[in-house]
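Report on the structure
Residue strings, one per chain:
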Amino acid sequence: MKDALNRLDQLSRRQFVARAAKTALGVSILPIGAAKPLRAAGGGKAEHVIFFYMSGGMTHMETFDPKPGTETGGATKGIDTGVAGVQLAEFMPELAKRFKDIAVIRSMTQKTGDHRGGAYWMRTSYEPRATIIHPSMGPWAQTLLGKKHDTLPDSVVIGGGGEHPGAGFFGPALAPLPIGDPDKGVQNARPFEGVGEDLFDKRLDLMNTFDESFRRKFQTDEVKAYTQFYEETLKLMKSEDLETFDLMKEKDYDQKVQRYGNTRVGKGAMLAKRLVSSGVRFVEVVSGGWDMHNDLWSAMPQTGGQLDQALASLIDDLKADGLFEKTLICVGTEFGRTPVINVNGGRDHHPRVFSTMFAGGGISGGQVYGASDEKGIAVKENPVEAKDFNATIAYAMGLDLNKVIYAPSGRPFLVAGHTRDPKTDQIITEGHPIMPLFS
Amino acid sequence: MKTPTMKRCSSILLVAGLLLALNPLQAESRVWTSADGRTLQAEFVGTAGAGASAVVKLKIADGTVIDYPVSKLSEQDRLFVKGNLPTDPAALAAEIDKLVLTKLKESYYGLRDELAALPAKADLTPDEKVKRKEEIEREMLMCVPNELTNDNQFLRRIYLDVAGRIPTYDEAEAFLNDRAPNKRAVLIDKLLDSEGFAMRMYNYFGDLLRVREGITMMGNGDLKVDPYMEWIKASMREDKPYDQMVRELLTAKGKIWEEPAVGYLVSDQGMRLCNLSNTFTIFMGTEITCAQCHDHPFEEVYQMDFFKMAAFMGEVETSARGGGNMMMMSGGADYRAEVDRMNKVLKDAGKLRPNQNEDQNLGQWIGTHRMQVVDSGNNAVKLPHDYHYDDGEPNAPVKPDTYFGEKMDLSKFETPREAFADWVVSPGNPRFTINAVNRFWKIAFGLAQVEPVYNIPGHLDGQAQNYELLSFLETMMKDLDYSVKDFFRVLYNSQTYQREAETLTPSLTQVDKGTYHFPGPVLRRMTAEQIWDSLVALTTADPESVTRKGWEDYKTIMNVDFSSLKTADDILKWKEDWSNASKLVKYNGDVVSREDNVGGAQMFRASELRQPMPSDHFLRMFGQSDKQLIENQFSTGSSPQVMALLNGEITNRVLTSPDAYLVKEIAFGKGSKRDNVDKIFLSVLSRYPTSQEKSMAQSGMRAKTDRDMNEQQKTQAEAMAIGNVIWALVNTREFLFIQ
């Protein structure tokens, strides 16, 4: 058996050693143009995804799963949605008005109560390991579907910190483009203040002259790749693509800021909409402030209100532009917050049950999937794990949930987590899409 | 010529010499054993040659003296004669050169023969023959040793490799003007003893060991990594033998501020199986992660082997939970009770918010004390719940055992992990020393003898094409008693290292098969840290002057006796001290805050900054590891990097403004203004401009001055022009790559 395995895997061993060697030499990553899709999309309507990541652990009981009048519900009131028996929390008034467009999951559950572990799990479907970094959903989509746009990046993360798994083992070439401040767009994309076009060009002339003999002598792949990066970047600096990232160029900027909110999440949503309209596939908008250990009810009107306003305006605008049906909006977080209110007037980490939300991209709105128990402590029915959440996104996008991708180390992985079929010993997907959302 | 000395080795020689005087080896007739077990009764006469050609001279019964290769002696006998082996770096370096040249020649002739036989090869199509011919011709070019570097090339490379940055203007001038014939060897010695070496090697180990703020994978915000960082730097600075360093990492126990080496085990807290995989990868160049879940598909490693190895570390706990002595303070008071008392003191004094009843720092303090490495006495490693091979039951306990190398007698050790550490670093471990020399070779030459470094094949002599060289390096490392400095001293003194960088890219086949034979080092892009630290060297006269010293106060703050904190003011003062100790660096005893910077950037060496830097920082953009995985740094290009160099604040403000160090202190501060371009070239590229470059720099970028300008305005304009030259130089590939 062992020998057979050895022979069988000779080829893949060759391949992974070769890939590792490439990485060692750093020759593999030249700018990559749009590739042919690896396979035709299988049914998903969501050509784009805007993923709102609520960092810190979004309280479920003050957003999508209020428990007014119960001992754990606290001071939070419910607000009617137009669907009999379904209320959202009072901090989500605009979403309540648009409930027919959204679907709420109230039975999310996680295995860990630490922020980074939970966030990692939500973004990758995998438990953190010290031997591998799993990719997040944007790079998965690019791997499984091919690059969407010739020159624009496939995935962008707006406002993320340093803890994003990014492209994981797919390598830096597929890493989401990070944008810190939506108002500033791509870092260093314009000549430095005071450096005019003439001066910039003169400097480039100098650079090319000084570098000439070195480039002539060392025509290695790496040196050539850098020279190509310079050429591509100079092109990018002059191209219209760059304007895609420039929120200031947005029509009716001031009026839109009013509607979305002059906040990070509001402007993040605005920029996400702009990027998606130009052809970017996967945008993640990260927004913090949810780790409410203290004084939860003084923080909620602001933090919750900002999210409500941003999401509502985004839904309206995507609909107005006819993009809603092909753009999946989702709201995720690492865990919920304890139903029991703590000594400091806050709620602590609660992975056992929490809520997420979907809209657009083929999701049928006006529904709630799963439920927590009366006190909001545990899942009452239809538990949904991070891998199922991601399987739902993958299904909406038409990704092949059973496509095995090998990391450079030779280990197999799937977009929504994997397990082994006990009968056949085949590697199969572990996450399952929430099908009722698509009916 | 003065021969560079090896301090550690000379002391060994001294000891050996004393032994010699007391009990002369020469007179001793003993049984000698060869590596393959044959024996011979003979007297020790002496040694000759160095390295792989070193022989021991043995006088046998009939009086004849025979030469026997030292490399063929048993481990024990080799140790016996060790003190008599040559340890002069120049001699050892010459041995490396000899082995490299032999191999280059041999490959050249092999390829030439293959080329001659190619037309007659029946199993290749004409197209394949053309392709193969090209490959062979290309490889033959790489079998010709490169020219020796000139002083400028050597200077720049040795600074980057040993001290982790380019030389400053003063350092470059001093070396280039030095007329001493042995100045290269002297510089190598000087740099190995500089703080730059500790910082550079810290960056290497920081990537390898994943040293990060908060230490654990998910980052424990209260756990300071500073003591661990300093321990690594000190190990390098003081040249702690590498085997001892590894042993300490595997056996340290206690809290990080008392036993900093526990950082290694705490890094993988809660993931003991991953930690075992990591230990194999880092210290033995062996990838066994697969065997965690199933028998290894490519190597003879069974899942049972993995768990038997893991069982050695099965008693290690990295977090003390619950009660017991670990949770008690030295005075005997329970942490919790003390913390409750102090919360009350704060609340009563109105120092907590109206809705708040607990101070978070106090809770964190308890959590921090929990983070310690202890040996529990209970082996927590069991077979997995889905174990499905015949040799064990699911969830069954496993006894520690090794699957290669020596068998360990656990009764001789206090804890199983002591036995494990002994096994790992033993000279008898076939992977430990090979892994070290293979990795260190890569640091110096840009490519290892066996790639990938984390997966050295089990049967090496078929895989490493220069097996003789690799085993010579292995022996040398042992002979040098695992002195990292001495090992590098030999490599850097070799001609092989001091040749020009290869102008061709080794093919993937060459990398994979180990058939690149080092006509010179590989051309490399600088690591992110080398780029950053070189920029630091362009902004100050003394790039190593700012060091992170937060670890000094950390111990005091952590070991505070809570009963001494009686009033709210006492507690708040202690909290403030803690907060100050958390700040990044201390410089001359002062806390340096994030706002202290040069032109908007904190221009301190990468090893003294946050570990790792935030993902949008220059260092990360250029490939600093996120410290999540072993060797997770990268040196590939990207558009954000180019944009940072073209339009970022470093090249546009920090380095080029009229107040920038290079402009103000170097261009205008040293010698004649007419030589400004020379000075800038020397500072940035460690070489002088060609006459064409110089006239281009001077005329093309001539400062726009006119008669109406006063002196100050003229100087300002000249400074601007100099800034343009600096900008252009930092943007060259020549700056980014190490020739």
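Residues numbered from 1 in each chain as written. Chains lettered and ligands numbered in written order. Predicted model: local features only at pLDDT ≥ 70, side-chain atom pairs only at ≥ 80, totals over all residues.

1. A short note on the overall build of chain B
Using the following cut-off: We count a stretch as a helix when DSSP gives it H or I for four or more residues in a row; a strand needs E for two or more, and each element gets its number in order from the N terminus. Exposure classes come from backbone-placed C-beta atoms, where a residue is buried if 20 or more other C-beta atoms lie within 10 Å of its own, exposed if 12 or fewer do, and partly exposed in between. By definition, residues are in contact whenever their C-beta atoms, placed on the basis of the backbone, come within 7 Å of each other.
The helix and strand inventory of chain B stands at 33 helices and 11 strands. In chain B, which comprises 739 residues, the share counted as buried stands at 47%. When contacts within chain B are restricted to residue pairs at least 6 apart in sequence, those whose partners lie at least 24 apart make up 66%.

2. Examining the interface of chain A and chain B
How we decide: Polarity classes work like this: nonpolar for Ala, Val, Leu, Ile, Met, Phe, Trp, Tyr, Cys and Pro, charged for Asp, Glu, Lys and Arg, and polar for all others, with Gly in that last group.
Taken residue by residue, the interface counts 66 residues in chain A and 63 residues in chain B. For the side of chain A that touches chain B, the secondary-structure elements that each account for two or more residues are α1 (2-8), α2 (10-25), α4 (115-124), α6 (197-217) and α7 (221-238) of chain A. Class assignment for the residues of the side of chain A that touches chain B results in 31 nonpolar, 17 polar and 18 charged.

3. Things to note about the sheet that holds strand β7 (residues 372-375) of chain B
Residues and elements named next belong to chain B. Rules: Between any two strands, at least two bridges found by DSSP are needed for them to pair.
The three strands are arranged β5-β7-β6 in an open sheet whose pairing can be described as antiparallel. This sheet does not close on itself; its edge strands, each paired only once, are β5 (254-255) and β6 (316-317). Relative to β7, β6 runs antiparallel, the two sharing two bridges. By the bridge assignment, E317 is partnered in β7 with V374.

4. Examining the domain arrangement of chain B
The condition is simple: Where each domain starts and ends comes from a domain assignment, either automatic or drawn from a database.
If you check the domain split of chain B, you get domain 1 (7-87), domain 2 (90-174 + 441-521), domain 3 (528-617 + 627-634) and domain 4 (655-738). Tallying the contact residues gives six residues for domain 2 of chain B and nine residues for domain 3 of chain B.

5. Quick notes on unusual backbone geometry
All names here are of chain B. Residue P452 is bonded to the preceding E451 through a cis peptide linkage, with omega at -10 degrees. Inspection of the secondary structure puts P452 in the loop between α17 (432-445) and α18 (460-463). In this structure, the amide linkage connecting Q611 to the following residue, P612, adopts the cis form with an omega of -15 degrees. Mapping P612 onto the fold places it in the loop between β10 (590-592) and α26 (618-621). You will see that D239, though not glycine, has its phi angle at about 55 degrees, which is positive. Along the chain, D239 falls in the loop between α9 (226-237) and α10 (242-251). Although it is not a glycine, F518 sits at a positive phi angle of roughly 65 degrees.

6. Observations concerning the domain arrangement of chain A
Here chain A is partitioned into domain 1 (32-185 + 252-438) and domain 2 (194-244). On a C-alpha basis, the centroid separation for the pair domain 1 of chain A and domain 2 of chain A is 39 Å.

7. Thoughts on the nonpolar core
Let me state the cut-off plainly: Each nonpolar core reported here comprises buried Ala, Val, Leu, Ile, Met, Phe, Trp, Tyr and Cys residues connected via C-beta atoms within 7 Å.
By size, the foremost hydrophobic cluster in this structure holds 174 residues, and its most contacted members are V424, L662, I680, V725, I726 and L729 of chain B. By residue number, the principal contributor to this core is helix α32 (residues 711-730) of chain B, which donates nine residues. Discounting residues that sit within four places of it in the chain, L729 of chain B has contacts with F210 of chain A together with I680, F681, V684, L685 and F735 of chain B. Counting residues in hydrophobic clusters, the runner-up holds 94 residues, among them A46, W121, A272 and V283 of chain A.

8. A look at the packing of helix α3 (residues 89-117) of chain B against helix α4 (residues 126-141) of chain B
Residues and elements named next belong to chain B. Formally: Axes here mean lines fitted to C-alpha atoms, for a helix over just the part in contact, with angles spanning 0 to 180 degrees between N-to-C directions. Note that the term roughly parallel is reserved for angles under 35 degrees, roughly antiparallel for angles over 145, roughly perpendicular for angles of 65 to 115, and oblique for everything else. Each helix crossing is assigned a hand: it is left-handed if the near helix lies turned anticlockwise from the far helix by less than a right angle, otherwise right-handed if that turn is clockwise.
With their axes 10 Å apart at the nearest point, α3 and α4 run at an angle of 155 degrees to one another. With respect to α4, the axis of α3 lies roughly antiparallel. Here α3 runs over α4; the crossing is left-handed. Note on element contacts: α4 touches α3 through K133, I136, E139 and M140, opposite Y108, L111, R112, E114 and L115. Across the contact of α3 with α4, the residue classes break down as five nonpolar, no polar and four charged.

9. Quick notes on the environment of H115 of chain A
All names here are of chain A. The topology assignment puts H115 in helix α4. Take H115: there are 21 C-beta atoms within 10 Å of it, and that puts it in the buried class. As a C-alpha pair, H115 and V276 span 161 residues in sequence and 28 Å in three-dimensional space. Here H115 is in contact with G56, G57 and E334, once residues within four sequence places are set aside.

10. Let's talk about the packing of α3 of chain B against helix α20 (residues 484-493) of chain B
Residue and element names in this part refer to chain B. As a packed pair, α3 and α20 sit with axes 8 Å apart at the nearest point and diverge in direction by 60 degrees. Accordingly, the angle class assigned to the pair α3 and α20 is oblique. The way α3 lies across α20 gives a crossing that is right-handed. Mapping the contact onto sequence places P89, A90, L92 and A93 in α3 and R489, V490 and N493 in α20. For the contact of α3 with α20, the per-class residue count stands at five nonpolar, one polar and one charged.

11. Let's talk about the pairing of strand β4 (residues 65-69) of chain B
Residues and elements named next belong to chain B. Where strand β3 (residues 55-59) and β4 come together, five bridges link them in antiparallel fashion. Looking at the pairing, K59 lines up with V65 of β4. Where β3 hands over to β4, the hairpin turn is made up of five residues, of which G63 adopts a positive phi near 95 degrees.

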